[in-house]
Amino acid sequence: DTGVSQNPRHKITKRGQNVTFRCDPISEHNRLYWYRQTLGQGPEFLTYFQNEAQLEKSRLLSDRFSAERPKGSFSTLEIQRTEQGDSAMYLCASSFGQFLYGYTFGSGTRLTVV
Amino acid sequence: AQSVTQPDIHITVSEGASLELRCNYSYGATPYLFWYVQSPGQGLQLLLKYFSGDTLVQGIKGFEAEFKRSQSSFNLRKPSVHWSDAAEYFCAVGARGSTLGRLYFGRGTQLTVWP
């Protein structure tokens with residue numbers, strides 16, 4: 001098992017463009033989380049999937065953001081009409097069950113909007 | 001609502017010196033408590049966690065943390081720091097009884113280690 005994989009590692013995009021990130025969790029993990037981390041801050045929760053169901057979304061997740069997890073496997077996070085304020089590290093994490101085993105985080109996708 | 005405070009933004013220690021990173025939380029009951037470490041350009045790695053029982057928990061890489069209910073604190077310690085410990089450290093809490101498993105993170109403490 002290679003852990004949680006995120007692609008791409010880095011993305012530079014022009015303001016107004018759409019971007020999509022992918023997360024491949026650990027295969028036996030049924031829970032998948034997206035977090036956003038801006039410079040000098042800790043990760044902030046965006047959304048959570050249990051299997052294919054999206055069970056919670058943060059208020060940080062505006063209508064320009066959408067996340068999917070088809071078939072309960074990999075997940076995608078799409079940002080439409082990107083803004084400079086979207087520049088951040090987007091982290092994906094997966095877990096089996098709740099907190100008992102902790103999360104396993106991916107290395108993140110660094111988004112820069114110019 | 002849960003919140004986590006890490007009062008020290010940046011700490012510098014000499015290699016071989018002891019280390020303590022502070023974490024205070026705000027929550028109505030005892031939450032689940034975690035410490036994560038993040039190296040530059042990397043994701044977060046779990047160092048240790050506290051759920052219940054012994055208030056002194058041992059983690060990986062020689063780290064330990066002590067839960068103090070009266071102070072709402074969960075400070076991270078290491079008796080002798082190595083240069084490879086230089087990284088950013090995050091304290092996080094999870095709501096006990098939550099079915100969602102959402103974590104709330106502090107803003108982090110950047111650790112610099114002098115040779």
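Going by the structure above, here's the rest.
Definitions and cut-offs
- Residues numbered from 1 in each chain as written.
- Chains lettered and ligands numbered in written order.
- Predicted model: local features only at pLDDT ≥ 70, side-chain atom pairs only at ≥ 80, totals over all residues.
- Heavy atoms only, no water.
- Contact = heavy atoms within 4.5 Å.
- Buried area = accessible area lost by both parts, 1.4 Å probe.
- Salt bridge = Lys/Arg side-chain N within 4 Å of Asp/Glu carboxyl O.
- Polar contact = N/O pair within 3.5 Å; in protein donor to acceptor, adjacent residues only side chain to side chain.
- Helix = DSSP H or I, 4+ residues; strand = E, 2+ residues; numbered from the N terminus.
- Buried < 20%, exposed > 50% of the residue type's maximum accessible area, 1.4 Å probe, protein only.
- Core = buried A, V, L, I, M, F, W, Y, C linked by side-chain atoms within 4.5 Å.
- Phe/Tyr/Trp six-rings, centres within 6.5 Å; stacked < 30°, edge-to-face > 60°.
- Lys NZ or Arg CZ within 6 Å of the ring centre and 35° of its normal.

A. Representation of the interface of chain B and chain A within the structure. In this assembly, 23 residues from chain B lie in contact with 23 residues from chain A. Approximately 1900 Å² of surface area, both sides summed, lies buried where chain B meets chain A, with 55% of it carried by carbon and sulfur atoms. Inspection of the chain B/chain A interface yields 1 salt bridge. Two residues, Arg102(B) and Glu56(A), come together in a salt bridge whose shortest N-O distance is 3.1 Å. Inspection of the chain B/chain A interface yields 5 residue pairs in polar contact (both at pLDDT 80 or more). For the side of chain B that touches chain A, the elements supplying multiple residues, two or more each, are strand S5 (32–38), strand S6 (44–50), strand S10 (87–94) and strand S11 (103–105) of chain B. Of the residues forming the side of chain B that touches chain A, the biggest block, 4 residues, is contributed by S5(B).

B. Focus on unusual backbone geometry. Between Asn7(A) and the following residue, Pro8(A), the backbone shows a cis peptide bond with an omega angle of -10°. Looking at the secondary structure, you find Pro8(A) in the loop between strand S1 (5–7) and strand S2 (10–13). Although it is not a glycine, Lys61(B) adopts a positive phi angle of roughly 60°. With respect to the element layout, Lys61(B) can be found in the loop between strand S7 (56–58) and strand S8 (64–68). For Lys61(B), a relative accessible area of 46% corresponds to the partly exposed category.

C. Quick look at the nonpolar core. All names here are of chain B. In terms of nonpolar packing, the biggest core is built from 26 residues, with Leu-19, Trp-35, Leu-47, Leu-48, Phe-74, Leu-76 and Tyr-89 touching the most fellow members. Elements with a minimum of two residues in this core: strand S2 (10–14), strand S3 (19–21), S5, S6, S8, strand S9 (73–78), S10 and strand S12 (109–114). The leading source of residues in this core is S10, at 4 residues. Discounting residues that sit within four places of it in the chain, Leu-47 has contacts with Trp-35, Tyr-36, Val-37, Gly-59, Ile-60, Lys-61, Phe-63, Leu-76 and Tyr-89.

D. Highlighting the packing of aromatic side chains. In total, this model carries 20 aromatic pairs over all chains according to the counting rule given. A ring pair is formed by Phe105(A) and Phe105(B), whose centres lie 6.2 Å apart and whose planes are at 70°; its orientation type is edge-to-face. With Phe105(A) in strand S10 (residues 104–105) and Phe105(B) in strand S11, the pair connects residues from two separate chains. You'll find Phe105(A) and Phe105(B) in the same group, each marked buried. What links up through ring pairs into an aromatic cluster is the set Tyr33(A), Tyr35(A), Phe45(A), Tyr48(A), Tyr103(A), Phe105(A), Tyr32(B), Phe34(B), Tyr36(B), Phe51(B), Phe90(B) and Phe105(B). Just above the ring of Phe74(A) sits the side chain of Arg22(A); from NZ or CZ to the centre is 3.9 Å.

Don't take any of this as a statement about function, it's just geometry.
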